[in-house]
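Chains, contacts and geometry: an overview
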Amino acid sequence: MKDLSAYSFLKKINLDYNHFQKIHGLDKCASLTHLSLAHNQISCIGGLDNLPLKELCLRGNLIQAIENLQTLWALQVLDLACNRIQSLSGLQNLHLLGSVNLENNRISEIKEATHVHDLRLLRTLNLKRNPVQDQPDYRLAVIFLLQPLTGLDEQKVTAEEKVSSVNKYDPPPEVVAARDHMTHVVYQLMQPQVILDSTLPSLDTPYPMLILTGPQAGGKRELAHKLCHEFSDFFAYGACHTTRGPYFGEEDGSDYHFVTEEEFRHMIHMGKFIQTMQYCGHWYGLSVEAIESVAREGLACIVHMELEGVFSLKNSYFEPRYILMIPTSTEAYTRCLRARGFYTRAQIEHAVARIDTYSTVNRDKPGFFDNVIACDDRKEAYQTLKQLVQEYLGLTDREGGLSTTPTPDNTSTGAMTADSLVTDRLKEPSPYSRAELSAKSLASPDAEPPLSHSMNYRNKLQAELTPQKTSAEHASISRRRQLVREALMGKSPAAYSQLFKRCAHTAPSSLVSPGRHTGGNLPNPGDDSSVEESHTSSGLSMGSSAGAFSAASPAARGSDLGSGPAVEPLDISALANHDLDEVRDPSEPGLTPDAPRVGVSDHLSPAVGPYPTRPGSNAKPILPPIPSGRKTAEPAPATASQSQPADG
Ligand SMILES: Nc1ncnc2c1ncn2[C@@H]1O[C@H](COP(=O)(O)OP(=O)(O)OP(=O)(O)O)[C@@H](O)[C@H]1O
């Protein structure tokens, strides 16, 4: 190559198809932005230092390594196709690079893409005709490593590919959980179907469960055992299965069921698990039998698990209460992990990093956890947990002590507000509590078990899909409904409101049939037949639904159901043109809105009265073992407070 120093104003040089073996003579070309030396015999890159090059083409040479380019700070387009390059190393400092062509080289490892991982402006990369193309999942892997790419190998990178790559290589917990749930549902379906008598949710009460979640070694297990010990009339520990070996002092069947990987896999294939999770190389799984065996004793179940397990469980028909136990001091938590003496450094780092994961979920998904408890101090954490459980169970008296009978006023003792981390989410109307409330208000003791199962599931889904409404919207909906009903009935507003005075009766159970809830066949305008309306229209006042936890839960008390506009019970005569059998309780023939009715609370109370033991129902007198009297209230007068739990 000749010395081109004299041409300091040259902007573009094209020297393709020569026999140059070396680049030189360009040092003084201070304006050079475009240089092409394609199809020469250059074997080493050099002689380009500090040039203001934006585009450089060296395709069709004999180059073996990308070198001496680090001073080309303005480089945006680089063409090194048809060389002998094996690595992308050498590109990492070219931060303005937007396009790199390395077609027909000798790159064979996907991990080479990590060299350009930090080039945030890199949009197109061409690795066609490189051995790396033969690697399994090459394309998804590269797209995952280089997420800003819009084109790979001259093909557009689609949004679907980006999502698939993330789901494959760094799936968010929702995806892990969805896959896990899918796996267990499929394997369960392949087994002979049985009705799980003890834990099958009825329409009104899902089987009561308490899940303690949070980072490893935060004391979940210890506190779960303690709770089960102290509240042994109410709770028992649900032992998960694990493939990890027992630590010193751990008992098989008590802390975990210790199994081999093969046994664990076999259990998965036999549809034994509700959820599983891999944590630090070991498998953990909650089996159906672990819960059933507790439920058969007439007790609620306490389980501890990591976040992904919670996500997975939330896909199932179980509706536990979730309590997050989270360390607030990373140092103290790290010390605690170290002190245990059996975690590797990597495990400790992993566990500490997960604190952020939990915090993020808690921040981004309000209501995901029912409560959050700081677990730095085990004693304090236990006191808070205990207090919470007492409140759930209705065992807290006004002085904050433990009483054996439920208190009529189950207000919080205030312990939860003492800690800034403790958020009494149960007082907020979460999608869950909405579903649960709805499930309660719609409960029919005569519902068939399988139906109640699917209803419960559907309620949950519907509640999640139903957007939250403001009280103004509720009022508006209520007004519009009333007008529609009046129009349908041809009645004057005054006569109408007389007929449906809420204080006159409790709702007929005919109005709490499944058809009512699903919003099918109803003369309600639009899709507004939300869970709230269902609830209020039934005239019932129920707390949240998690059995033992629900009877005294503040969920309903704090929800807008109590304070929102009153909605009249549904006009049964307005259903004249619909299939009344679908909505009418067969036990109440000839029902009219004015006819005296059996108090619905009689039907709904699993803990009291002559409750019919129906097959498949978990609402046996002994389950959940909530204090009697909590749900036995007489029908309350028709006021806004009607939608609060009926305290005995
Ligand atoms: N079925 C499950 N699904 C998801 N996570 C689970 C399950 N069973 C246990 N885990 C969680 O896996 C993590 C590891 O459990 P392991 O018992 O090995 O930890 P540990 O060091 O003893 O800590 P901990 O005191 O929290 O139990 C814990 O956070 C535990 O809660």
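Residues numbered from 1 in each chain as written. Predicted model: local features only at pLDDT ≥ 70, side-chain atom pairs only at ≥ 80, totals over all residues. Heavy atoms only, no water.

Positive phi values are uncommon outside glycine, yet tyrosine 17 reaches one of about 55 degrees. Of note, tyrosine 17 is situated in the loop between strand 1 (12-14) and strand 2 (34-36). Non-glycine residue aspartate 153 carries a positive phi angle of around 55 degrees. Position of aspartate 153 among the secondary structure elements: in the loop between strand 7 (151-152) and strand 8 (155-156). Accessibility expressed as a relative area gives 8% for aspartate 153, which makes it buried. (Helix = DSSP H or I, 4+ residues; strand = E, 2+ residues; numbered from the N terminus. Buried < 20%, exposed > 50% of the residue type's maximum accessible area, 1.4 Å probe, protein only.)

This part covers the site of the ligand. Not every one of the 19 residues close to the ligand is listed here, only the nearest: Arg221, Arg244, Tyr256, Tyr284 and Tyr343. The protein chains hide 99% of the 590 Å² of surface that the ligand would expose on its own. Sorting the residues of the shell around the ligand by element identifies helix 4 (220-230), strand 13 (273-279), strand 14 (282-287) and strand 15 (300-305) as the ones contributing at least two each. (Near = heavy atom within 4 Å. Areas by Shrake-Rupley, 256 points an atom, 1.4 Å probe, with all protein chains shown as cover.)

Judged from the 2 bridges that link them, strand 11 (residues 240-242) and strand 14 form a sheet pairing that is antiparallel. Each residue of the ladder has a partner; that of histidine 241, found in strand 14, is glycine 285. In this sheet, strand 14 lies alongside strand 13 in antiparallel orientation, the contact comprising 6 bridges. If you follow tyrosine 279 over to strand 14, its bridge partner there is histidine 282. (Pairing = 2+ DSSP bridges.)

Applying the stated rule across the entire model yields 19 salt bridges. We note a salt bridge from glutamate 349 to arginine 345, for which the minimum N-O separation is 3.5 Å. Remark: arginine 345 and glutamate 349 occur in helix 9 (residues 345-364); sequence separation between them is 4 residues, near one turn of the helix. Judged by relative accessible area, which is 49%, glutamate 349 ranks as partly exposed. A single network of salt bridges, built from pairs that share partners, joins Arg221, Arg244, Glu250 and Asp255. (Salt bridge = Lys/Arg side-chain N within 4 Å of Asp/Glu carboxyl O.)

Let's shift gears to the sheet that holds strand 17 (residues 371-374). Read from one edge of the open sheet, 5 strands run 10-15-9-16-17, paired in parallel fashion. Of all strands in the sheet, those with a lone pairing partner are strand 10 (235-237) and strand 17, marking the two edges. In this sheet, adjacent strand axes meet at a mean angle of 25 degrees when their direction is disregarded. Pairing analysis gives 4 bridges linking strand 16 (residues 321-326) to strand 17, with the strands arranged parallel. Within strand 17, the residue paired with isoleucine 323 across the bridge is asparagine 371. Packed onto the sheet, helix 10 (residues 378-393) meets strand 9 (209-213), strand 10, strand 16 and strand 17 and runs at close to 155 degrees relative to strand 17. (Axes fitted to C-alpha atoms, helices over the stretch in contact; angles between N-to-C directions. Contact = heavy atoms within 4.5 Å.)

The next thing to look at is the sheet that holds strand 12 (residues 256-258). Reading across from one edge, 12-11-14-13 is the order of the 4 strands in this open sheet, with mixed pairing throughout. The open sheet has two edge strands with one neighbour each: strand 12 and strand 13. Between one strand axis and the next, the sheet turns by 25 degrees as a mean value, whatever way the strands run. Running at roughly 40 degrees to strand 14, helix 6 (residues 288-296) makes contact with strand 13 and strand 14 of the sheet.

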